[in-house]
Amino acid sequence: MTTKPFLAALLSSSALLASCGSPAGGETAAQSTPAPTTGTATNAPMGEPQVTAFGTYNEPWAAAFAPGTSMLFITEKPGTMKFIDTETRRTGTVSGMPRVDYGGQGGLGEIAFLPSQRAANVGSRTIYLSWVEAGDGDTRGAVVGRGTLNCGTQDASCKVEGLETIWRQTPKVSGRGHYSHRIVFSPDERYVFVSSGERQKKDPAQDISNTLGTIVRLNLDGTPAAGNPLADRGSPSDEIWSWGHRNILAMDFDADGRLWEIEHGPAGGDELNLVQKGGNYGWPTRSNGENYNGTPIPNHSPDDGFIKPVISWTPVIASGNFFIYDGDLFAPWRGQGIVAGLKTEALIRIAFDGDTAREVGRVPMGERIRQVVQGPDGAIWALEDGDNGRLLKLTPG
């Protein structure tokens, strides 16, 4: 095993936030939201974690540990899923993958396991996957499927069986961007939340007759969950939990059951948002950024009727994903969000305080980071973006 000192010292943020009066839990739409702040960082050395490389992957997009095991499963965007036993370094390829529409930002995407399905070995468990499928003509869209992952105990074989598509982004449109298709389960495991990007079409994010630019809340079988805010409008509006989003690639629940998401802005204006039932987050009408061609987008204002970002980043951080750390190895980070930074080539730490949050540090990585997850022992695992992206394990120095 090759272990090397970490590349650089940690950074501490000076960004502070105003307090917020919105209710906890995300079950009702807030009438007031925190004022946005801009994430910045200043030098403040805090030690040097160590990084250990565990092989390379072809355009890795997502990763997840099978709960209760040392087995890490990794999706590659062209359509392959690999696994590695992080204790023995045994590796393999998972069979039974769906046919994906690969290109641009599309292909095989998220992988998710039910946290309650813990076992001494991988055995047999439910698996959720997201990917992009082709439609009529030049259209395509994200989908979510559910199946059973079976792994042999005597060999290195794993396969997905009975994979069934349980949700489709509506409608399918042209282009190859902003699918989002991240998956998280509610803490009680009654619901699955899926981020649905606005596919670079902008206006659909304010049209509640479709699911582009939304977060949807579903039962575990993919049907619309009871109590969704637009249930009386019929399909597909009855799937929607919140809307007015751009491209959400990061979602997680905190210890108090609040759902947080980070979405990409255009040229400036990445956002951390507290997700609330029936909340409209303003895209593309309002955004604390500007379009790629330099044309302005009106900034949020107190009276614009939209829920405001808790943190707004300009320049953008371009998040890959994030999770809220609850391990012991990096005890000072417990309860903080750990963000995979693409453009920033860093891990970005966010501290939460009720309904507010602030950026508190950056771990420079020297490469674009697509995915970051917590291991069973509290180590942090990161995947570099692109061809030959390395799988890296971070432990305290």
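Details of the structure are given in the entry above.
Description of the structure in this document. (Residues numbered from 1 in each chain as written. Predicted model: local features only at pLDDT ≥ 70, side-chain atom pairs only at ≥ 80, totals over all residues. Heavy atoms only, no water.)

Take the overall build of the chain next. Helix and strand content of the chain: zero helices and 27 strands. Across the 397 residues in the chain, those meeting the buried criterion constitute 59%. Contacts in the chain between residues at least 24 apart in sequence constitute 59% of all its contacts with a sequence separation of at least 6. If you sum the accessible surface of the chain, you get close to 15,100 Å²; carbon and sulfur atoms cover 46% of it. (Helix = DSSP H or I, 4+ residues; strand = E, 2+ residues; numbered from the N terminus. Buried < 20%, exposed > 50% of the residue type's maximum accessible area, 1.4 Å probe, protein only. Contact = heavy atoms within 4.5 Å. Areas by Shrake-Rupley, 256 points an atom, 1.4 Å probe, with all protein chains shown as cover.)

Across the sheet, four strands lie side by side as S13-S14-S15-S16; this open sheet has antiparallel pairing. Edge positions in the sheet fall to strand S13 (180-185) and strand S16 (240-243), since each of these pairs with one other strand and no more. Put simply, the sheet's adjacent strands are angled 20° from each other on average, direction ignored. Where S13 lies against strand S14 (residues 191-196), four bridges are found, and the strand directions are antiparallel. Its bridge partner being in S14, Ser180 is matched across the sheet by Ser196. (Pairing = 2+ DSSP bridges. Axes fitted to C-alpha atoms, helices over the stretch in contact; angles between N-to-C directions.)

A word on the side chain of Ser70. Mapped onto the fold, Ser70 is located in the loop between strand S5 (60-65) and strand S6 (71-76). For Ser70, the side chain forms a polar contact with the side chain of Asp85, separated by 2.8 Å. When neighbours within four sequence positions are excluded, Ser70 is seen to be in contact with Phe65, Ile84, Asp85, Thr86, Glu87 and Pro376. (Polar contact = N/O pair within 3.5 Å; in protein donor to acceptor, adjacent residues only side chain to side chain.)

On to the sheet that holds strand S7 (residues 80-85), then. The eight strands are arranged S5-S6-S7-S8-S12-S11-S10-S9 in an open sheet whose pairing can be described as mixed. In this open sheet, the two edge strands, each paired with only one partner strand, are S5 and strand S9 (108-113). The mean angle between the axes of side-by-side strands here comes to 30°, regardless of whether they run parallel or antiparallel. The sheet contact formed by S7 and strand S8 (residues 91-95) spans four bridges and is antiparallel. Note on S8: the bridge partner recorded for Met81 is Val94.

Quick look at the environment of Ile311 now. Within the secondary structure layout, Ile311 lies in strand S20 (residues 311-313). Residue classification places Ile311 among the buried residues on the basis of a relative accessible area of 0%. Put simply, Ile311 and Asp270 are 41 residues apart on the chain and 8.2 Å apart in space, counted from C-alpha to C-alpha.

Phe73, Met81, Val94, Ile111, Phe113, Ile127 and Leu149 are the most contacted members of the largest nonpolar core, which totals 23 residues. Secondary structure elements with two or more residues in this core: S5, S6, S7, S9, strand S10 (124-134), strand S11 (140-151) and strand S12 (158-168). Leaving out residues up to four positions away in the same chain, Met81 has contacts with Phe73, Ile74, Thr75, Thr93, Val94, Met97, Leu108, Ile111, Ile127, Leu129 and Val160. (Core = buried A, V, L, I, M, F, W, Y, C linked by side-chain atoms within 4.5 Å.)

With that settled, the discussion passes to the pairing of strand S27 (residues 389-395). Put simply, side chains in a regular strand alternate between the two faces of the sheet. Of all seven residues making up S27, six are buried, and the element is well covered by its neighbours. Sheet topology note: the strand S4 (residues 50-57)/S27 ladder contains six bridges and is antiparallel. Among the inter-strand pairings, Thr52 is bridged to a residue of S27, identified as Lys393. Following strand S26 (residues 380-384), the chain reverses through four residues before pairing antiparallel with S27; Gly386 in that reversal takes a positive phi of roughly 90°.

In this section: the state of the cysteines. Across all of its chains, the model carries one disulfide by this definition. Across the disulfide, Cys151 is cross-linked to Cys158 (sulfur-sulfur distance 2.0 Å). Between Cys151 and Cys158 the sulfur-sulfur dihedral comes to about 115°; the bridge is accordingly right-handed. Residue Cys151 shares its accessibility class with Cys158, and that shared class is buried. (Disulfide = S-S within 2.5 Å.)

For the structure shown, the criterion picks out 20 salt bridges. Across the salt bridge formed by Lys172 and Glu133, the nearest N and O atoms sit 2.7 Å from each other. Within this pair, whereas Lys172 is found in the loop between S12 and S13, its partner Glu133 is found in strand S10, the two being separated by 39 residues in sequence. Among the ionic pairs, Lys393 bridges to Asp377, the shortest N-O distance being 3.8 Å. Placement of Lys393 in strand S27 and of Asp377 in the loop between strand S25 (369-374) and S26 is noted, with a sequence separation of 16 residues between them. A network of salt bridges, in which partner residues are shared, links Asp101, Asp138, Arg140 and Arg176. (Salt bridge = Lys/Arg side-chain N within 4 Å of Asp/Glu carboxyl O.)

Before going further, it helps to spend a moment on the packing of aromatic side chains. For the structure shown, the criterion picks out 11 aromatic pairs. Ring centres 4.8 Å apart and planes at 70° place the aromatic pair Phe54 and Trp381 in the edge-to-face group. Of this pair, Phe54 sits in strand S4 while Trp381 is found in strand S26, placing the two residues 327 residues apart along the sequence. Classification of Phe54 as buried rests on a relative accessible area of 5%. Trp381 sits in the buried class, given a relative accessible area of 2%. Ring centres of Tyr325 and Phe330 lie 6.3 Å apart, and the angle between their planes is 75°; this geometry places the pair in the edge-to-face category. Assigned by exposure class, Tyr325 and Phe330 land together as buried. The aromatic ring of Phe54 is capped on one face by Arg89, whose charged end is 3.9 Å from the ring centroid. The positively charged end of Arg217 is found above the aromatic ring belonging to Tyr191, 3.9 Å away from the centroid. (Phe/Tyr/Trp six-rings, centres within 6.5 Å; stacked < 30°, edge-to-face > 60°. Lys NZ or Arg CZ within 6 Å of the ring centre and 35° of its normal.)

Now for the pairing of S13. Of all six residues that make up S13, six are buried, and the element is covered over most of its length. A two-sided burial pattern is seen for S13, the buried positions comprising Ser180, Arg182 and Val184 on one face and His181, Ile183 and Phe185 on the other. Count of turn residues in the S13/S14 antiparallel hairpin: five residues, of which Glu189 carries a positive phi of about 60°.

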